[in-house]
Amino acid sequence: MKIAIVGTGYVGLVTGISLALQNHKVICVDNDKNKVSKINKGKSPFFEPDIDKYLKKVLKERTLKATNDLQGAILESNVTIIAVGTPTINSKIDLSFIKTASAQIGESLGKVKNYHVIAVKSTVLPGITEKVIKPILEKYSKKKVGEFGLCMNPEFLREGNAIEDALNPDRIIIGQIDDKSGKEFAKIYSKLSVPKIFTNLATAEFTKYAANSLFATLISFSNEISRIAETTENVDVLDVWKGVHLDKRLSPIINSQRIKPGVLSYILSGCGFGGSCFPKDIKALSSFADEIGSEGGLIKSVIDINTTQPQRMILLLKKAMGAANLKNKKIAVLGLTFKPNTDDIRESVALPIIETLLSQEAIVVAHDPMAYKENISPQLTNLPITLADTLKEALENAEAAIVVTAWDEYIKLSPEFFIKMMKKPIVIDGRRIYDKHSFLKKGVIYKGIGT
Ligand SMILES: NC(=O)c1ccc[n+]([C@@H]2O[C@H](COP(=O)([O-])OP(=O)(O)OC[C@H]3O[C@@H](n4cnc5c(N)ncnc54)[C@H](O)[C@@H]3O)[C@@H](O)[C@H]2O)c1
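Residues numbered from 1 in each chain as written. Predicted model: local features only at pLDDT ≥ 70, side-chain atom pairs only at ≥ 80, totals over all residues. Heavy atoms only, no water.

Novice: Help me out: how do you make sense of the pairing of strand 9 (residues 172–176) in this one?
Specialist: The two faces of a sheet get side chains in turn, since along a regular strand they alternate between them. Summarising burial for strand 9: five of the five residues are buried, a large majority. Residues Ile-172, Ile-174 and Gln-176 point to one face of strand 9 and Ile-173 and Gly-175 to the other, with burial holding for every one of them. Bridge count between strand 8 (residues 149–152) and strand 9: two bridges; the pairing is antiparallel. Along strand 9, the bridge assignment pairs Met-152 with Gly-175. Examined bridge by bridge, strand 9 and strand 10 (residues 196–199) share four bridges and lie parallel to one another. Bridged to Ile-172 within strand 10 is Lys-196. The handedness of the strand 9 to strand 10 crossover, carried by helix 8 (residues 179–186), is right-handed. (Buried < 20%, exposed > 50% of the residue type's maximum accessible area, 1.4 Å probe, protein only. Helix = DSSP H or I, 4+ residues; strand = E, 2+ residues; numbered from the N terminus. Pairing = 2+ DSSP bridges. Right-handed = clockwise from strand over helix to strand, strands pointing away.)

Right under this line is the structure:
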């Protein structure tokens, strides 16, 4: 198949590479010339494990190229996938990128001679593909659905594991406006033998929100439990989760072997979830529930718990320091990305933690193995913090360290290292990556979420 992908961010480029590896001819389109030029040189504009290796391979095999020429890409293709951003602004989904892209695609679609399918991969609320995108495509192409196909194909890849997820998805959901659209579009996945679920457009859209909200709910539930545990004598939530996880309904025993399903990593307490999906999607779903008159009370609680969870780190910090005042105290923040193995800091929990520290006049020195200075978003560049090149620089003379991201580099640190480097070895563990007992035994003042 010949496939145009509009938007070469995390989803667009990773999808493009995975389809090119399956021998389709892929043209990745972006209106950011810098991104296009980087991609054509074999350099991904963002970090994902192994992405440059695969990108170079598909460029060499000429199964993928990048361009700014949207019309040229669509005229050369049978399928166009929309993968532009759909951020949430003031708790509402912002459709401006997808509306503009749809109008541009519509204009080109008007010039296409053969049957062509447009598929929305961007995350959009139920009804958007049919009620917003379809009329724009029809208006600008001067064609009616039927003359072209329309699908909604939600994406479930996880940053940090994106290439692997795109090459080996657990399921493919294809929302279709009619059978012909779905049948034609499904050809792009013909090499993947995984369950393919064909639905209407709104169900496909809703499936993505339900999936993300489920995982976000598990995290906030685990954090609520940790708050109760923190004020309960002699309870460490980490031990509680160990016991809960061993329930056979959560981790079954098959052929005498304990299976550890991935869902268990969402039933753990920490300083909250961030990233480009969970926070924005759950807020958009909550506003949507309000608009259609549904209650959505649980979803609101999930958001509330997550919004306040980073502040628990400041409470733990003050308790550990025995200080009500953080003025002029050097605090090291370890981890800026919203999770390990990505350079994405969108809605990272590090941001509210840093803002609170700064509002209390602390001196913030942050470190992250991946957030190189050039990749850091304006949100961080504008903050009066020092970005340390090395862990040593971040911890030297610090009065406390707050661990926000569970990078391997941090997991490996010993209590001795903190003791040697810091003015005072106070460690606030937002991801529970350290062994509390050995840290305390060695003389670190250790506090973690849920203990
Ligand atoms: N990032 C994830 O892990 C993930 C996972 C599943 C679903 N999604 C969804 O996929 C969508 C894309 O997410 P992302 O993280 O890849 O976004 P992103 O912001 O990283 O990338 C979007 C890209 O689209 C480009 N773009 C915007 N308007 C354009 C236009 N008119 N023409 C050409 N290019 C245009 C931008 O320049 C940018 O490169 C969102 O709806 C998101 O919710 C993201």
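Novice: Before we go on, may I ask you to explain the site of the ligand in this structure?
Specialist: Near the ligand you find 25 residues, and of these Asp-30, Lys-35, Thr-86, Glu-159 and Lys-280 are the closest. Separating an oxygen atom of the ligand from a side-chain N or O atom of Asp-30 is a distance of 2.6 Å. Lys-35 has a polar side-chain atom sitting 2.6 Å from an oxygen atom of the ligand. When the ligand is considered free in solution it has 830 Å² of accessible area, and contact with the protein chains removes 90% of it. Elements supplying a minimum of two residues to the shell around the ligand: helix 1 (10–21) and helix 5 (96–109). For the shell around the ligand, the class distribution of residues is eight nonpolar, 10 polar and seven charged. Here the shell around the ligand spans two domains, since at least three of its residues come from each of domain 1 (2–199) and domain 2 (213–448). (Near = heavy atom within 4 Å. Polar contact = N/O pair within 3.5 Å; in protein donor to acceptor, adjacent residues only side chain to side chain. Areas by Shrake-Rupley, 256 points an atom, 1.4 Å probe, with all protein chains shown as cover. Nonpolar A, V, L, I, M, F, W, Y, C, P; charged D, E, K, R; others polar. Domains from an automatic or database assignment.)

Novice: Just to check I follow, could you spell out helix 2 (residues 33–40) for this structure?
Specialist: Because an α-helix packs 3.6 residues into every turn, residues spaced three or four apart end up facing the same way. Near the N-terminus of helix 2, the side chain that reaches the backbone nitrogen of Asn-34, with its oxygen 3.0 Å away, is that of Asp-32. With its phi angle positive at about 85°, Gly-42 sits one or two positions after the end of helix 2.

Novice: What am I meant to see in the UniProt feature "binding site: NAD(+)" (unreviewed entry) in the protein chain here?
Specialist: The UniProt entry lists Asp-30, Lys-35, Thr-86, Thr-123, Glu-159, Lys-280 and Arg-346 under the feature "binding site: NAD(+)" (unreviewed entry), expressed in the numbering used here. The greatest C-alpha distance among the annotated residues, which extend across 317 residues, is 23.9 Å, indicating that they are dispersed rather than converging on a single site. Ignoring sequence-local partners within four residues, the contact set of Asp-30 consists of Gly-7, Thr-8, Gly-9, Lys-35, Val-36, Thr-67 and Asn-68. A distance of 2.7 Å separates the side chain of Asp-30 from the backbone nitrogen of Thr-8, its partner in a polar contact. Beyond its immediate stretch of four places on either side in the chain, Thr-86 contacts Ile-93, Asp-94, Ile-98, Ser-122, Thr-123, Val-124 and Lys-280. A polar side-chain atom of Thr-86 sits 2.8 Å from the main-chain carbonyl oxygen of Thr-123. (UniProt positions renumbered as here; feature names shortened; annotations may be inferred. Contact = heavy atoms within 4.5 Å.)

Novice: Before we go on, may I ask you to explain helix 13 (residues 350–359) in this structure?
Specialist: Where helix 13 is concerned, the buried positions are Ala-350, Leu-351, Ile-353, Ile-354, Thr-356 and Leu-357. Backbone geometry just after helix 13 places Glu-361 at a positive phi near 60°.

Novice: Would you mind showing me how to read unusual backbone geometry here?
Specialist: Most peptide bonds take the trans form, and the phi angle of most residues other than glycine is negative. In this structure, Glu-347 takes a positive phi of about 55° despite not being glycine. Within the secondary structure layout, Glu-347 lies in the loop between strand 13 (330–334) and helix 13. You will see that Asn-397, though not glycine, has its phi angle at about 65°, which is positive. Here Asn-397 is to be found in the loop between helix 15 (391–395) and strand 16 (400–403).

Novice: What is the right way to read the nonpolar core from this model?
Specialist: As a rule of thumb, nonpolar side chains are buried together in soluble globular proteins. Judged by nonpolar contacts, the single largest core of 47 residues is most densely connected at Ile-98, Ile-105 and Ile-118. Domain assignment of the residues forming this core places at least three in each of domain 1 (2–199) and domain 2 (213–448). With 36 residues, the next largest nonpolar core counts Leu-13, Val-14, Ala-20 and Cys-28 among its residues. (Core = buried A, V, L, I, M, F, W, Y, C linked by side-chain atoms within 4.5 Å.)

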